[in-house]
Amino acid sequence: MLGGKRGRESSVGIPTIINDFSGEWAFLSNYYPVVVDFEGVFYPSVEHAYQAGKCTDVGIRSRIRSTLDPDRAKELGRTYLDRSDWDDIKVPVMRQLVAAKFSVPYLRERLLESGDALLVEGNTWGGTFWGMCEGVGENVMGRILMDLREELQKEQRRFEGRGSSSSVSVRSGTEVSRAADAQLRTQAGEVLAVGYVDAAGNEHVALVVGDVSGKEEVLVRVHSECFTGDVLDSLRCDCGEQLRMSMREINQAGVGVVLYLRGHEGRGIGLMAKLRAYRIQDALRLDTVDANVELGLPVDARDYSVAAAMLDDLGIRSIRLLTNNPAKETGLSALGVNIAGRVPLLVEPGVTNRQYLVSKRDRMGHELPDSWGPSHAMA
């Protein structure tokens, strides 16, 4: 890296030049521990996958994949380089790997946070193709990152320009735009579906029952998107049943809201990363917490500022929160949401998801019954 310099700071606190991919900017580095898929095989970092791409031998690729140290992966990749076409394909391969890495919502948001800063990959190994060494180099890695960031920024602007009817913000500075609304008849009853778009282009929906504007102690479920549970009825979690139970309870109450938050898949790591975590759980008999850690991902990367903005737009003065998770209550309260109480949302565990629920209780502090049994590996 280039001497640990962050460069000049912009007016909003983002450097105009980021030339040290460490500390708060460590996620920019190819060494950052995040699992990426390369030709159907999962590698523990972009550097591992890139070095494996140099080789056609399956055994050597396996050796590269199994080492925990990216420096060792680089050494092996250089030792066993056997692709005659590597000079022609190495940049497209790196672009593919970087795109796969930043498909994780948490990392995508982090990349966007770098704003318009010039990204300069520095190095100490003397190569001048991927980055700068002693002020000389092509900075190909930096250009790849900036090209991807520009694509994400364009996507963000497309969503922002869809023609919203109102914008709201909360104390965190988060903005959402109300984009559409329509009446829906559901299995639980009639709801008004109010659509929102956030600054990152994620689309969210508030399912509103009754007149909630100006009301106190409104029953609210802040529900994190779960494709496998909500759509596929997966039995590995309780998400789908919690969503349906919430809609029934709110319709029975006659007044309430379900906030369905996109971009929260797998507690914020994304659908592909969640599926990889499932695979790790099965292979290594890990629980849901340790699987995320094994993949180098946050245990919980969810941000509830969009939910707070939606509640503000709906004019709700205080809520009774449908959740078993005290951390969700804490997160919303920190954003200025007035929480009058918390209402349990207990889904009776089955054979497949019992250990998952016990792990949420014992590892993540969810308030669930002790009678559900002790925790052990494989949740």
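## Topic: the overall build of the protein chain
- The secondary structure content of the protein chain amounts to 14 helices and twelve strands.
- Among the 379 residues that make up the protein chain, the fraction classed as buried is 51%.
- When the accessible surface of the protein chain is split by element, carbon and sulfur atoms take 50% of a total near 17,600 Å².

## A word on the pattern of salt bridges
- Following the criterion strictly, the structure yields 22 salt bridges and no others.
- For E75, the salt bridge goes to R72, with nearest N and O atoms at 2.8 Å. Here the residue E75 and the residue R72 both occupy positions in helix α3 (residues 70–79), the gap between them amounting to three residues, near one helical turn.

## Quick look at the packing of aromatic side chains
- Going through the model one piece at a time under the given rule, you end up with six aromatic pairs.
- Centroid distance F27 to F102: 6.4 Å. Interplanar angle 80 degrees. Geometry classified as edge-to-face. Of the two residues, F27 is situated in the loop between β1 (17–18) and β2 (36–38) and F102 in the loop between α4 (86–101) and α5 (105–112); the sequence distance between them amounts to 75 residues.
- The buried category is assigned to F27, whose relative accessible area is 1%.
- Through pairs of rings, three or more aromatic residues link up here, namely Y50, W86, F129 and W130.
- Positioned above the aromatic ring of F129, the side-chain terminus of K90 is 4.3 Å from the ring centre.

## Things to note about the environment of W86
- If you trace the backbone, W86 turns up in helix α4.
- W86 gets classed as buried once you look at its relative accessible area, which sits at 4%.

## With respect to the packing of helix α1 (residues 46–53) against α4
- As a packed pair, α1 and α4 sit with axes 10 Å apart at the nearest point and diverge in direction by 155 degrees. Compared by their axis directions, α1 and α4 come out roughly antiparallel. Our pair here, α1 against α4, has a crossing hand that is right-handed. Contacts between α1 and α4 involve V46, A49, Y50 and G53 on the former and, on the latter, W86, K90, M94, L97 and K101.
- Grouping the constituent residues of the contact of α1 with α4 by class yields six nonpolar, one polar and two charged.

## Brief notes about unusual backbone geometry
- Look at E134: it is not a glycine, yet its phi comes out positive at around 55 degrees.
- Within the secondary structure layout, E134 lies in the loop between β4 (118–119) and α6 (140–160).
- Residue classification places E134 among the exposed residues on the basis of a relative accessible area of 76%.

## Side note on a nonpolar patch on the surface
- Among the surface-exposed residues, F227, V231 and L232 lie close enough to one another that they form a single nonpolar patch of about 280 Å² accessible area.
- By the element assignment, F227 lies in helix α7 (residues 227–231).

## With respect to the environment of Y356
- Here Y356 lies in helix α14 (residues 354–364).
- Its relative accessible area of 12% is what places Y356 among the buried residues.

## Quick word on helix α10 (residues 271–284)
- For α10, which comprises 14 residues, the first-to-last C-alpha distance of 20 Å matches the rise-based estimate of 20 Å (1.5 Å per residue) to within 8%.
- Every buried residue of α10 is accounted for by A273, K274, R276, A277, Y278, I280 and Q281.
- After α10 finishes, the residue R285 shows a positive phi value of roughly 55 degrees.

## Thoughts on the pairing of strand β12 (residues 339–343)
- Note: strand β11 (residues 319–322) against β12, four bridges, orientation parallel. Within β12, the residue paired with R320 across the bridge is G341.
- For the crossover from β11 across helix α13 (residues 326–334) to β12, the handedness is right-handed.

## Here we look at the state of the cysteines
- The final tally for this structure, using the stated rule, is zero disulfides.
- There is no disulfide at C237, and the cysteine sulfur nearest it, in C239, is 3.6 Å away.

Conventions used here
Residues numbered from 1 in each chain as written. Predicted model: local features only at pLDDT ≥ 70, side-chain atom pairs only at ≥ 80, totals over all residues. Heavy atoms only, no water. Helix = DSSP H or I, 4+ residues; strand = E, 2+ residues; numbered from the N terminus. Buried < 20%, exposed > 50% of the residue type's maximum accessible area, 1.4 Å probe, protein only. Areas by Shrake-Rupley, 256 points an atom, 1.4 Å probe, with all protein chains shown as cover. Salt bridge = Lys/Arg side-chain N within 4 Å of Asp/Glu carboxyl O. Phe/Tyr/Trp six-rings, centres within 6.5 Å; stacked < 30°, edge-to-face > 60°. Lys NZ or Arg CZ within 6 Å of the ring centre and 35° of its normal. Axes fitted to C-alpha atoms, helices over the stretch in contact; angles between N-to-C directions. Parallel < 35°, antiparallel > 145°, perpendicular 65-115°, else oblique. Left-handed = near helix turned anticlockwise from the far one by under 90°. Contact = heavy atoms within 4.5 Å. Nonpolar A, V, L, I, M, F, W, Y, C, P; charged D, E, K, R; others polar. Patch = residues over 30% accessible without salt bridge, like charges linked within 9 Å, V, L, I, M, F, W, Y side chains within 5 Å. Expected span 1.5 Å × (residues − 1). Pairing = 2+ DSSP bridges. Right-handed = clockwise from strand over helix to strand, strands pointing away. Disulfide = S-S within 2.5 Å.

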